[in-house]
There are 2 protein chains.
Amino acid sequence: MISQTEENYLKALYNLTYLKGEATVNEISKRLDIKMPTVNSMMKKLSEKGFVHYESYKPLKLTEEGKKEAALIIRKHRLTEMYLVEKMGFAWDEVHQIAEQIEHIHSPEFFTKMDQLLGYPTVDPHGSPIPDHNGVMRSENYIFLDTCKIGNVVTLMAVQPSSKELLQYLNSKNLELGTTLTIHAIEPFDRSITVSYDSRSAEVLSSKVTATLLVRPIS
Amino acid sequence: MISQTEENYLKALYNLTYLKGEATVNEISKRLDIKMPTVNSMMKKLSEKGFVHYESYKPLKLTEEGKKEAALIIRKHRLTEMYLVEKMGFAWDEVHQIAEQIEHIHSPEFFTKMDQLLGYPTVDPHGSPIPDHNGVMRSENYIFLDTCKIGNVVTLMAVQPSSKELLQYLNSKNLELGTTLTIHAIEPFDRSITVSYDSRSAEVLSSKVTATLLVRPIS
DNA sequence: TTATTTTGTTAGTATAATCTAACTTGTTAG
DNA sequence: CTAACAAGTTAGATTATACTAACAAAATAA
Ligand SMILES: [Mn+2]
Ligand SMILES: [Mn+2]
Ligand SMILES: [Mn+2]
Ligand SMILES: [Mn+2]
């Protein structure tokens, strides 16, 4: 049996290692706001259980089993977020904390039912992919908005990371997934960009924002 | 803050005290399958927190605060069961274990939304009343089927207690809430009764079953 | 009413998950 | 290349929740 606490560590490690393939005790410590010695002993325990490759003073990695386990928790998290938005009428900035709890519910039937009712969605309300029931996560080749050039026309596909504050900021700008943006200017000093979309002709987005927006270039 | 574990003790105590007003360490121990010394120390802790009246060797009672706290957990449990049946398509015998977990989710918005979507229901799928948001539970004056007389015509209003096995037995007999039953015979030897309902003319129900069925006499 | 059984309590132990303090190892800035 | 700093580890303490063994009180039977 795997505890709620252990599940949260696995998920943190999965997310931290998603790009680089490894993570450190210190990073998990900061992510979960738990002191390093606690993280250290938990990593040893998860290593005992076969979910983590642990060697003293070396970076941490998930085993294949650990990856699958973590992906299945993330699956439950993202299915829940999608269900809350699509079926219960929550806004995309209201669902993360609830999903953070419901992801730990032990009931395959419950999540299977959600999946069915949603019509087997592949992304969550923030555009992140939902792993399949084997823990396999499809990766799309979207690019961050801050890597685009003047004149590019792009569609907003995902927000990552999607903090509540960022999502509320996007709400205030009427920027949602699927919106098509045209890039008119890039300020060299602070890398802020000027875009147009819908009926908005000249919105300025800071690099703090553009570094979180994943887009797909059109043509 | 009140832990998931503490919530389960409060709920057990509430249900055990519902009729008699008090319960014993031994009863809680059996109900939760937790040894008596553990229950004993938890009762002292809950007493410290103001939820339980504890005195050595005396029966246990909930304080007013404890009653309200417990009723609000039961509210979450029953709202969840109703939601699972009405909005997600689960059967009445599939929802208890899931609700047992979801009742511990901390999110007023989540349960408020459920309540809204359900249209503010007053009973759960097994006919038990759903406490209001102040923890007040309306009590209906239904009677158990095993107290009825020959010739009585009654409507099935609730099943209590509603074990999975019992619910499945009722499914197999096509007996559901709202069904109207006519009592034709009562066997003095084992108190089993013969009833008719819908197109079934002579179904025999044992006293084990009739002792769990709450009915409202017609006329 | 005494003896037996059941119930309740105390004491001591165990495991999970957290912390702080102190020490070790690794990394980085002069 | 060393000195300082950052990161990782070990040791020991703490809290929550459980257990068993032993004892005390209450209820029940003889
Ligand atoms: Mn989320
Ligand atoms: Mn979580
Ligand atoms: Mn239930
Ligand atoms: Mn529960």
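Throughout this description, residue numbers start from 1 for each chain and increase along the sequence as written. As a convention, the first chain written is A and the first ligand written is 1, with the rest following in written order. Residue-level local features of this predicted model are given only where pLDDT is at least 70; pairs of side-chain atoms are given and counted only at 80 or more, and the full residue set underlies all totals for whole chains, interfaces and linings. With hydrogens and water excluded, all non-hydrogen atoms of the structure serve as input to the side-chain values.

Operational definition: UniProt positions are given in the numbering used here, feature names are shortened, and annotations may be inferred rather than shown by experiment.
Per an unreviewed UniProt entry, chain A is named Transcriptional regulator MntR, and its organism is Sphingobacterium athyrii. A UniProt comment under Function (unreviewed entry) is attached to chain A, and it reads "In the presence of manganese, represses expression of mntH and mntS. Up-regulates expression of mntP."

### Some details on the coordination of the manganese ion (ligand 4)
Residue and element names in this part refer to chain B. What counts here: Each metal's donors comprise the N, O and S atoms found within 2.8 Å of it (within 3.2 Å for Na, K or Ca). Water is not part of the atom list, so some coordination spheres may appear incomplete. Burial here depends on accessible area, computed with a 1.4 Å probe over protein chains only, as a share of the maximum for the residue type. Under 20% is buried, over 50% is exposed, and the range in between is partly exposed.
Bound to the manganese ion (ligand 4) on the protein side are Asn8 (OD1), Glu100 (O), Glu100 (OE), Glu103 (OE) and His104 (NE2), at distances that span 2.0 to 2.6 Å. For the manganese ion (ligand 4), the single-chain donor residues occur in sequence as N-x91-E-x2-E-H. According to the relative accessible area criterion, His104 is buried, its value standing at 5%.

### Quick notes on the pattern of salt bridges
Which entries qualify depends on this criterion: Salt bridge, as applied in this entry: a Lys or Arg side-chain nitrogen positioned within 4 Å of an Asp or Glu carboxyl oxygen. Helix and strand definitions follow DSSP, with helices as H or I runs of at least four residues and strands as E runs of at least two, each counted in order from the N terminus.
Here the structure, examined in full by the defined rule, presents 22 salt bridges over all chains. A salt bridge links Glu203 of chain B to Lys173 of chain B; its shortest N-O distance comes to 3.2 Å. Here Glu203 of chain B is found in strand E7 (residues 200-205), whereas its partner Lys173 of chain B is found in the loop between helix H7 (164-172) and strand E5 (180-186), with 30 residues between them in sequence. Linked through salt bridges whose partners overlap, the residues forming this network are Glu6, Lys45 and Lys49 of chain A.

### Brief notes about the sheet that holds strand E8 (residues 213-217) of chain A
Quick reminder of the rule: Should DSSP find at least two bridges between two strands, the strands are taken to pair.
The strand order across the open sheet built from 6 strands is E3-E8-E4-E5-E6-E7 (chain A), with neighbouring strands paired in antiparallel fashion. Two strands close off the open sheet at either side, each with one partner strand: strand E3 (143-144) and strand E7 (200-205) of chain A.

### Comments concerning the packing of aromatic side chains
Operational definition: Between rings of Phe, Tyr and Trp, where Trp is taken as its six-membered ring, a pair exists when centres lie within 6.5 Å; planes separated by under 30 degrees are stacked, by over 60 edge-to-face, and by other angles tilted. Working rule: Lys NZ or Arg CZ, within 6 Å of ring centre, within 35 degrees of ring normal, means a charge sits over the ring.
Overall, the coordinates contain 4 aromatic pairs over all chains when judged by the stated rule. Pairing Phe110 of chain A with Phe111 of chain A gives two aromatic rings, centres 5.1 Å apart and planes at 70°, and the pair type is edge-to-face. Over the aromatic face of Phe90 of chain B sits the side chain of Lys113 of chain A, whose NZ or CZ is 4.9 Å from the ring centroid.

### Observations concerning the sheet that holds strand E6 (residues 193-197) of chain B
All names here are of chain B. Strand order in the open sheet formed by 6 strands is E3-E8-E4-E5-E6-E7, and the pairing between neighbours is antiparallel. Edge positions in the sheet fall to strand E3 (143-144) and E7, since each of these pairs with one other strand and no more. Two strands pair when backbone bridges link them, and strand E4 (residues 153-159) and E5 are joined in this way by 3 bridges, in the antiparallel orientation. Residue pairing for E5: Val153 is matched across the bridge by Thr182.

### Section: the protein's contact with DNA strand D
Let me state the cut-off plainly: We call a residue near a molecule or strand whenever a single non-hydrogen atom of that residue lies within 4 Å of it. Under the rule applied, a polar contact is a pair of N or O atoms within 3.5 Å (in protein, one hydrogen donor and one hydrogen acceptor; residues adjacent in sequence only if both atoms are side-chain atoms).
Around DNA strand D, the structure places 20 residues, and the nearest of them are Asn40, Lys44 and Tyr54 of chain A together with Ser3 and Lys45 of chain B. Among the atoms of DNA strand D close to the protein, meaning within 4 Å, 78% are from sugar or phosphate groups. At a separation of 2.7 Å, a phosphate oxygen of DNA strand D approaches a polar side-chain atom of Ser3 of chain B. Between DNA strand D and Lys35 of chain B, the relevant distance is 3.0 Å, taken from a phosphate oxygen to a main-chain nitrogen or oxygen of the residue. Looking at the surface near DNA strand D, the elements with two or more residues in it are helix H2 (25-32) and helix H3 (36-48) of chain A together with helix H1 (4-20) and helix H3 (36-48) of chain B.

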